[in-house]
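Analysis of the macromolecular model
Here is what each chain is made of, one letter per residue.
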Amino acid sequence: MMESVTGGSISPYKLLFRSLTLIPISHYLLLAFLVSIVYVYNLLEFHIIQDFFSGGSVSLTFHSSSDLYREVVSKCQLLHGRYLATPWLSSPHLQTILLNVIVKIPSFSYKREIFRTSDDGTIALDWLMNSDVSGTSFQVNGTNAVADIPLVIVVPGLTSDSNSPYIKKIAYDMAKHGWNVVVSNHRGLGGVPLTSECFYTAGRSVDLGEVVNHLHRKQPETSLYAVGTSLGANILVKYLGEDGVNVPLAGAVSISNPWDLLIGDRFFTRAIMQRFYNRILGSSLKGAAKLHQETYARLSDWEGIEKSRTIRDFNDHSARIAGNFESIDAFHRWASSARLVHNVSVPLLCLNAIDDPVCTDEAIPWDECRKNKNVVLATTQHGGHIAFFEGMSGKSLWWIRVAEEYLSNLHASPTMSKQQMQKFKESDSVSRDNKKLV
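In what follows, the accompanying structure is described. (Residues numbered from 1 in each chain as written. Predicted model: local features only at pLDDT ≥ 70, side-chain atom pairs only at ≥ 80, totals over all residues. Heavy atoms only, no water.)

1. Considering the overall build of the chain
As a reminder, the rule being used: For the purposes of this entry, the term helix denotes a DSSP run of H or I that reaches at least four residues, the term strand denotes a run of E that reaches at least two, and both are numbered from the N terminus. Exposure classes here rest on a 1.4 Å probe applied to the protein chains alone. A residue is buried below 20% of its type maximum, exposed above 50%, and partly exposed in between. Contacts: residue pairs with any heavy atoms within 4.5 Å of one another. Surface exposure here means Shrake-Rupley accessible area, sampled with a 1.4 Å probe, where a residue is shielded only by the protein chains that are shown. Positive charges are assigned to Lys and Arg, negative charges to Asp and Glu, while His and the chain termini are left out of the count. Charge placement uses NZ in Lys and CZ in Arg. For Asp and Glu, CG and CD serve respectively.
When helices and strands are counted, the chain shows 19 helices and 11 strands. Its C-alpha atoms give the chain principal-axis dimensions of about 110 × 50 × 45 Å. Evaluated residue by residue, the chain yields a buried proportion of 53% over its 438 residues. Contacts in the chain between residues far apart in sequence, at least 24 positions, make up 78% of those at least 6 positions apart. Carbon and sulfur atoms provide 57% of the accessible area of the chain, an area that totals close to 20300 Å². Computed over 41 positive and 41 negative side-chain charges, the separation of the two mean positions in the chain equals 2 Å.

Okay, here's the thing in structure tokens:
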């Protein structure tokens, strides 16, 4: 019988400690390794086990009487199949972080056009023609004439430009499949100076509108389409909603759109990884601003910009001041595309991953997309942010194949792509008549 602890016997805690010391150190190391594996698995939100037991089906949200779905999306095999992430990249964080590292960059050179905006701003338009890509084996609708080859306008994300690996990837792949491509770099990015008293912000869709109108005037017989990625998708959808039928585009694609910047701002403060992305993106914004320090210093609070550590801080000291907004929240509301989805007239496909670690699915305007017959929303459980790696090697980006298949089917549709252009021509005709009356 064990003696009383108070009587000076060995403490049960000491006995427990002695017992624990008898366990080999290798067992402790193994336990620590297993715990760390579980921690990292959950921190990085790996889903390789989940992928083995559940499918990667694509969820489609659209109006019950949508002609866009019936005539175009219903024929898109990828959207009615499954998306399965590359096994060794089965984490939204790995997909997002390694996006510009793993993507195989094709070897080609753009042809640059310098476009001047109405306020004397400078925008670099980088062209890649179907004829520039050697070994092209595809043609959209079997066309050869320049006017018959459709043109897709690519709008990059936050601080990306035409040389970003994923942008070069979509430009090359679209050109390889018979399209002419032009990347519309944001003002101040792509190696061009700021030549007016204005800089690019998250909600500045006017520049894109001027670029689209310029391209339409330049090639009036060419079918124009657009693909926006990340913040570029927000700007694209915002432009489509603001201009409604007055848009000379035959179709558009939105990839990993943040949708509601106010909700997104709150999302960035929640978890460790979101705060990490917030710092990284905030730092990239500061780096872009330093290229044009004199202009930013005149139009905003440069001292505040230098001290900024997050996207919210940067926008508060730059875009809010330059745009004369009462608060940073007011700027985020104005810059969000979700509030304008109801007014989109162009056939629009939107693709978002539910596990996107940068753009939360809470911001997706599900009801607004469902109510608009011109919009189809596709969501996948996995994919990260503008990544969607697929295949064992991870060299292919699934979203690029989805965009190409959708736009090709849309362009081949006898009615859908032409309906919007007819609306635009009628609206443009009325506008010209009104100008004559004035």
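2. Brief notes about the nonpolar core
Convention followed: Residue types Ala, Val, Leu, Ile, Met, Phe, Trp, Tyr and Cys, when buried and joined through side-chain atoms within 4.5 Å, form a set referred to as a nonpolar core.
With 61 residues, the main nonpolar core has Leu215, Leu240 and Leu249 as its most contacted residues. For Leu240, the contacting residues outside a window of four places in its chain are Val247, Leu249, Ala252, Asn343, Val344, Val346 and Leu348. Membership of the second largest hydrophobic core comes to 53 residues, among which are Ala175, Val227, Leu349 and Ile386.

3. Quick notes on helix H7 (residues 165-176)
What counts is decided by this rule: Expected helix span is taken as 1.5 Å per residue step, with the number of steps being one fewer than the number of residues.
Compared with an ideal rise of 1.5 Å per residue, which puts 12 residues at 16 Å, H7 spans 16 Å between its outermost C-alpha atoms and is within 8% of the ideal. Counting buried positions along H7 gives 10 out of 12 residues, so the element sits mostly inside the fold. Among the residues of H7, those classed as buried are Pro165, Tyr166, Ile167, Lys168, Lys169, Ile170, Ala171, Asp173, Met174 and Ala175. At the C-terminal side of H7, Gly178 shows a positive phi close to 100 degrees.

4. Considerations on the layout of surface pockets
Put simply, the test is: In this analysis the probe radius is 1.4 Å and the grid spacing 1 Å, with only protein atoms considered; a cavity is a set of points the probe fits into but cannot get out of, a pocket is an open set with protein on both sides within 12 Å along at least five of seven lines, and lining residues have an atom within 4 Å of a point. Grid points are joined across faces, edges and corners, and a volume is the space filled by probe spheres set on the points. Each residue receives one of three labels: charged for Asp, Glu, Lys and Arg, nonpolar for Ala, Val, Leu, Ile, Met, Phe, Trp, Tyr, Cys and Pro, and polar for the others, Gly being one of them.
Approximately 910 Å³ is the volume found for the largest pocket. Looking at the largest pocket, it is lined by 45 residues, and the ones nearest its centre are Leu158, Thr159, Ser230, Leu281 and Val358. Contributions of two or more residues to the lining of the largest pocket are made by helix H5 (92-97), helix H6 (99-102), helix H10 (261-267), helix H11 (272-290) and helix H14 (311-317). Here the lining of the largest pocket takes 8 residues from H11, the largest share from any one element. When the residues that make up the lining of the largest pocket are grouped by side-chain class, the tally is 27 nonpolar, 15 polar and 3 charged.

5. Focus: the packing of H7 against helix H18 (residues 398-412)
Inclusion rule: Every axis in this analysis is a line fitted to C-alpha atoms, fitted for helices over the stretch in contact. Angles between the N-to-C directions lie between 0 and 180 degrees. Handedness of a helix crossing follows the sense of rotation of the near helix relative to the far helix, less than a right angle counterclockwise being left-handed and clockwise being right-handed.
Where H7 contacts H18, the two axes come as close as 10 Å, and the packing angle between them is 35 degrees. Two packed elements cross with a definite hand, and for H7 against H18 that hand is right-handed. Across the interface between the two elements, Tyr166, Lys169, Ile170, Asp173 and Met174 from H7 touch Trp399, Ile400, Glu404 and Leu407 from H18. Tallied by class, residues from the contact of H7 with H18 come to 6 nonpolar, no polar and 3 charged.

6. Structural notes on the pairing of strand S8 (residues 348-353)
To keep things clear, this is the line we draw: When DSSP finds two or more bridges between two strands, those strands count as paired. Handedness of a crossover is defined as follows: with both strands directed away from the viewer, a clockwise route from the first strand across the helix to the second makes it right-handed.
Of all 6 residues in S8, 6 are buried; the element is thus mostly enclosed. Because side chains alternate across S8, one face comprises the buried residues Leu348, Cys350 and Asn352, and the other comprises Leu349, Leu351 and Ala353, equally buried. Relative to S8, strand S7 (residues 251-255) is paired through 4 bridges, and the arrangement is parallel. What sits directly across from Ser254, in S8, is Cys350. Taken together, the 6 bridges between S8 and strand S9 (residues 375-380) define a ladder with parallel strand orientation. Following the sheet pairing, Leu351 is matched in S9 by Ala378. On the question of chirality, the crossover connecting S8 to the parallel S9 by way of helix H17 (residues 366-371) is right-handed.

7. Examining the sheet that holds strand S6 (residues 224-229)
Strand order in the open sheet formed by 9 strands is S1-S9-S8-S7-S6-S4-S5-S3-S2, with mixed pairing between adjacent strands. Two strands in the sheet have a free side with no partner beyond their single neighbour: strand S1 (59-62) and strand S2 (111-116). Within the sheet, the average angular offset between the axes of one strand and its neighbour, ignoring direction, is 20 degrees. Relative to strand S5 (residues 180-184), H7 is tilted by about 160 degrees, and along the sheet it contacts strand S3 (122-128), strand S4 (151-155), S5 and S6. Taken strand by strand, helix H8 (residues 206-218) contacts S2, S3, S4, S5 and S6, and its axis lies near 50 degrees from that of S3.

8. Topic: the pattern of salt bridges
What counts is decided by this rule: Salt bridge, as applied in this entry: a Lys or Arg side-chain nitrogen positioned within 4 Å of an Asp or Glu carboxyl oxygen.
A complete count under the given rule lists 20 salt bridges for this structure. The partner of Arg320 in a salt bridge is Asp316, and the shortest N-O contact between them spans 2.5 Å. Under the relative-accessibility criterion, Arg320 is labelled partly exposed at 21%. What makes Asp316 partly exposed here is its relative accessible area of 24%.

9. Regarding the environment of Phe276
The topology assignment puts Phe276 in helix H11. Spatially, the C-alpha atoms of Phe276 and Ser393 are 27 Å apart, while their sequence positions differ by 117 residues.

10. Focus on the packing of aromatic side chains
As a reminder, the rule being used: Only rings of Phe, Tyr and Trp enter the pairing, Trp through its six-membered ring, and a pair is recorded when the two centres are within 6.5 Å. The plane angle decides the type: under 30 degrees is stacked, over 60 is edge-to-face, the rest tilted. Charge-over-ring placement is defined geometrically: NZ (Lys) or CZ (Arg) within 6 Å of the ring centre, and within 35 degrees of the ring normal.
Taken as a whole and judged by the stated rule, the model has 13 aromatic pairs. The interplanar angle of 40 degrees and the centroid separation of 5.1 Å between the aromatic rings of Tyr83 and Trp398 together place this pair among those described as tilted. Placement of the pair is Tyr83 in the loop between helix H4 (67-71) and H5 and Trp398 in helix H18, with a sequence separation of 315 residues. The pair formed by Tyr83 and Trp398 is uniform in burial state, with each residue classed as buried. Note on Phe325 and Phe331: the rings are 5.5 Å apart at their centroids and 70 degrees apart in plane angle, and the pair reads as edge-to-face. Relative accessible area serves as the criterion here: at 1%, Phe331 is assigned to the buried category. Taken together, the aromatic side chains of Tyr83, Phe388 and Trp398 make up a single cluster linked through ring pairs. One cation-aromatic arrangement involves Lys168 over Phe108; the distance from NZ or CZ to the ring centre is 5.0 Å.

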